[in-house]
Amino acid sequence: MKSLLVRFFLFSLVIAACSIAVTAWLASQATTGAIRQEQGEALETDAQIYDEMVKYAATHKDWSAAKSTVEGVAKTYNRRIALTDGNGRKLLDTGTENAPPLPVTPKALIDPLNLNGKVDPHAVGPFKLSDDETRKLRSYADQLLECNGRVEIVEYPNGRPRVTSLEPGHFSLWEDCPAGDYLYTMTATEQKAYEELQPYFLDCLKTLPGNGQIPAKAPGRVTLDWDYLVIAGTSTDVVQCMDTARREMLKSYVAPPAQMFLTSPTGDEPQPIDLSTTGTTRIMLVALGILAIAGFASWVTATQLVRPIRALTAATKRTAEGDRTARVDGGAGEIGELAKSFNAMSEKLAETERQRQAMVSDVAHELRTPLGNITGWLEATQDGLAEPDPHLIDMLLEESLLLQRLVDDLHDLAQADAGTLRLHPEPIALDDVVDQVVNAQQNREILLRAETTPVHISADPVRLRQALGNLVANAVRYTPPGGEVVVKLFQWQDQAILEVTDTGTGIAPDDVPHVFDRFWRADKSRSRRTGGSGLGLAITRHLVEAHGGSVSVTSTLGEGSTFRISLPSA
Ligand code: ADP
């Protein structure tokens, strides 16, 4: 679990799974919505077709003349409509000849006399008023409206206008309007229709207890409704009988019940979308597929990511074991940067190692010559080949002093490296320091002089004498007899400048960058006696930098050199 590879892999899998789940959920939400809307629209279309068919059936004796109407409806709604009678015999079919067979179950039963137990209002039969009668009744209705604005008139399917009003007792509304009475007088057509209805009604009444008599408890008030009598206040059985009678009578005026089939014009019904099993399985399979692809992709990415990290780890281990040649190719990006830093660090480490080895060998080399000299003289004395006279003792002392100086220099450098070089700064007059150094280094062969202006700074006088002393000693050493060495001191901006200029050998341009390196000497063969150990300038630079200053050199081969120390004087 701690492996970066495994963690990255699992993390990507979780993200992929989450996004698949969310996407699937959103898609299913959107699809379900669309399906519902489509189904709703289809249902609405079917309901409109059904209404049209019922209307036709209610106003026609049979289906023989229905062809053009049904075809019109089928075209409007872009559906195939087929009608069969109760025995399954085809009455009508708008489908083409090679249309597929009808479905087993019909969409609906078209029966205008039984719409959920009610008679369709369009089935008016003999109650259909003649145009004359309708016209007359309409004019009465208009008059009534003029006489009493509080009524509302609605025309019913049989052509009779009827008063509606939300106010109870609306009969009183036209008390002073004779048109109201005219409106509510039966027309000849209605008179005839009621006569036709009468026998059916009486037949039904006979089946009730009381043998055809309307029960006495009811006042038997018979009121005229828009198409048949409402017998108010009688038992529900009697009201039922009026309904039955009406149905019986209308049977011969409406088309017989028919079964309606609705399919798409080409015959094939759209398959309802099934999300139960196949849908779910498909979604699962697709999800698994995507997960597999995501898993593979993340595995590949993770492996690529982890490869340079593993290489880095291996290289670090090799470096820790002492191998300084370990390098990593990390490519581009952040890990590439890390690899580059590692390589740079390795290089630096190797360089330091090299310097350390060179240093040890240089130190050994520097120690060997004076020690060899001392040993040689002492052995010769022991063997009686040399006399231990004052001259010999002087030489031995000189060698041991050189050794002493070398060890002191090394000690200073070690302190500087370790950051333990202690300074004891105090306010000093720099011109005094220059005078001291120049006086100490005077000799007869070279003209050594100082040009100073009074400059006061805060510094460690001992260490500054050491630093300047190294420069002046070098200048004197590398200037042939008759040459000149000038030490200048002046203030420049906020710096105190010490310049040591000589007319000596100068330094080759290629050597200039190395003069401050440890154990570096332009003339490798020059003996330590004529030259120094190669540590002087390195120590000078450390001392000056410890004072917050800097040291630099300009030189022309064969003409002379100028070493410049700048110290902050503020
Ligand atoms: P050394 O003890 O050998 O003088 P330094 O570190 O003082 O060591 O100097 C390093 C080298 O720089 C010298 O060996 C010499 O080649 C060169 N050098 C330093 N000062 C001068 C100078 N004033 N003129 C010419 N060469 C110089």
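Residues numbered from 1 in each chain as written. Predicted model: local features only at pLDDT ≥ 70, side-chain atom pairs only at ≥ 80, totals over all residues. Heavy atoms only, no water.

Chemist: Any chance you could explain the state of the cysteines here in plain terms?
Modeler: By definition, a disulfide links two cysteine residues through a covalent bond between their sulfur atoms. Overall, the coordinates contain one disulfide when judged by the stated rule. Covalent S-S linkage joins cysteine 204 and cysteine 241, the inter-sulfur distance amounting to 1.9 Å. Of note, the bridge from cysteine 204 to cysteine 241 carries an S-S torsion of about -80° and is left-handed in sense. Within this pair, whereas cysteine 204 is found in helix H5 (residues 188-207), its partner cysteine 241 is found in helix H6 (residues 236-250), the two being separated by 37 residues in sequence. In terms of burial, cysteine 204 and cysteine 241 fall into one category: buried. (Disulfide = S-S within 2.5 Å. Helix = DSSP H or I, 4+ residues; strand = E, 2+ residues; numbered from the N terminus. Buried < 20%, exposed > 50% of the residue type's maximum accessible area, 1.4 Å probe, protein only.)

Chemist: How should I be thinking about the pattern of salt bridges in this particular structure?
Modeler: When their charged atoms lie close together, side chains carrying opposite charge are able to pair. If you walk through the whole model with that rule in mind, you get 23 salt bridges. The partner of aspartate 85 in a salt bridge is arginine 89, with the nearest N and O atoms 3.1 Å apart. For arginine 89, a relative accessible area of 55% puts it in the exposed group. The salt bridge involving glutamate 248 is made with lysine 251; its shortest N-O contact spans 3.4 Å. Several salt bridges share partner residues, and in doing so they unite Asp46, Arg79 and Lys107 into one network. (Salt bridge = Lys/Arg side-chain N within 4 Å of Asp/Glu carboxyl O.)

Chemist: Please clarify how the pairing of strand S11 (residues 456-459) should be interpreted in this entry.
Modeler: Remember that side chains alternate between the two faces of the sheet whenever the strand is regular. The alternating pattern of S11 places Ile457 and Ala459 on a buried face and His456 and Ser458 on a face that is not buried. Sheet topology places strand S9 (residues 426-429) next to S11; four bridges connect them, and they run antiparallel. Within S11, the residue paired with alanine 429 across the bridge is histidine 456. (Pairing = 2+ DSSP bridges.)

Chemist: Got a minute to help me understand unusual backbone geometry in this structure?
Modeler: Most peptide bonds take the trans configuration, and most residues that are not glycine carry a negative phi. One non-glycine residue with positive phi stands out, namely glutamine 493, at about 50°. Residue glutamine 493 is classed as exposed on the basis of its relative accessible area of 62%. Here the phi dihedral of phenylalanine 519 falls at roughly 60°; this positive angle occurs in a residue that is not glycine. Here phenylalanine 519 is to be found in the loop between strand S13 (495-502) and helix H12 (536-546). For phenylalanine 519, a relative accessible area of 12% gives the class buried.

Chemist: Would you explain the packing of aromatic side chains in this entry?
Modeler: Aromatic ring pairs are defined here through the distance separating the ring centres and the angle between the ring planes. Inspection of the entire model under this criterion finds four aromatic pairs. Considering the side-chain rings of phenylalanine 9 and tryptophan 299, the 5.1 Å spacing of their centres and the 90° angle between planes classify their relative orientation as edge-to-face. Within this pair, whereas phenylalanine 9 is found in helix H1 (residues 4-59), its partner tryptophan 299 is found in helix H7 (residues 278-320), the two being separated by 290 residues in sequence. With relative accessibility at 39%, the residue tryptophan 299 sits in the partly exposed group. (Phe/Tyr/Trp six-rings, centres within 6.5 Å; stacked < 30°, edge-to-face > 60°.)

Chemist: Would you mind showing me how to read the sheet that holds strand S12 (residues 484-492) here?
Modeler: Think of a sheet as strands paired side by side through backbone hydrogen bonds, with each pair either parallel or antiparallel. Across the sheet, five strands lie side by side as S10-S12-S13-S15-S14; this open sheet has mixed pairing. At either margin of the open sheet sits one strand with a lone partner, and together these are strand S10 (447-452) and strand S14 (550-556). Strand-to-strand, the axes of this sheet are offset by a mean angle of 15°, without reference to chain direction. Direction of pairing for S14 relative to strand S15 (residues 560-568): antiparallel, over a ladder of seven bridges. Looking across to S15, one finds that valine 553 is bridged to phenylalanine 563. Strands S10, S12 and S13 of the sheet are contacted by helix H10 (residues 430-441), whose axis makes an angle of about 175° with S10. The strands that H12 touches are S14 and S15; relative to S15, the one it contacts most, it runs at about 25°. (Axes fitted to C-alpha atoms, helices over the stretch in contact; angles between N-to-C directions. Contact = heavy atoms within 4.5 Å.)

Chemist: How should I be thinking about the sheet that holds strand S8 (residues 258-263) in this particular structure?
Modeler: Taken in spatial order, the four strands line up as S2-S1-S8-S3 in an open sheet, and their pairing is antiparallel. Each having just a single partner strand, strand S2 (90-93) and strand S3 (108-110) make up the two edges of the open sheet. Adjacent strand axes in the sheet meet at a mean angle of 25° when their direction is disregarded. Across three bridges, S3 lies against S8 in antiparallel orientation. Directly across from alanine 108, in S8, lies its bridge partner methionine 260.

Chemist: In this structure, what is going on with the site of the ligand? I would like to understand it.
Modeler: Around the ligand sit 20 residues in total, of which Asn474, Arg477, Asp502, Gly532 and Leu537 are the nearest. Within the contact set of the ligand, an oxygen atom lies 2.9 Å away from a side-chain nitrogen or oxygen of arginine 477. A distance of 2.9 Å separates a nitrogen atom of the ligand from a polar atom in the side chain of aspartate 502. Those elements that provide at least two residues to the shell around the ligand are helix H11 (461-477), H12 and S15. Among the elements that take part in the shell around the ligand, H11 stands out by supplying three residues, more than any other. When the residues that make up the shell around the ligand are grouped by side-chain class, the tally is nine nonpolar, eight polar and three charged. (Near = heavy atom within 4 Å. Polar contact = N/O pair within 3.5 Å; in protein donor to acceptor, adjacent residues only side chain to side chain. Nonpolar A, V, L, I, M, F, W, Y, C, P; charged D, E, K, R; others polar.)

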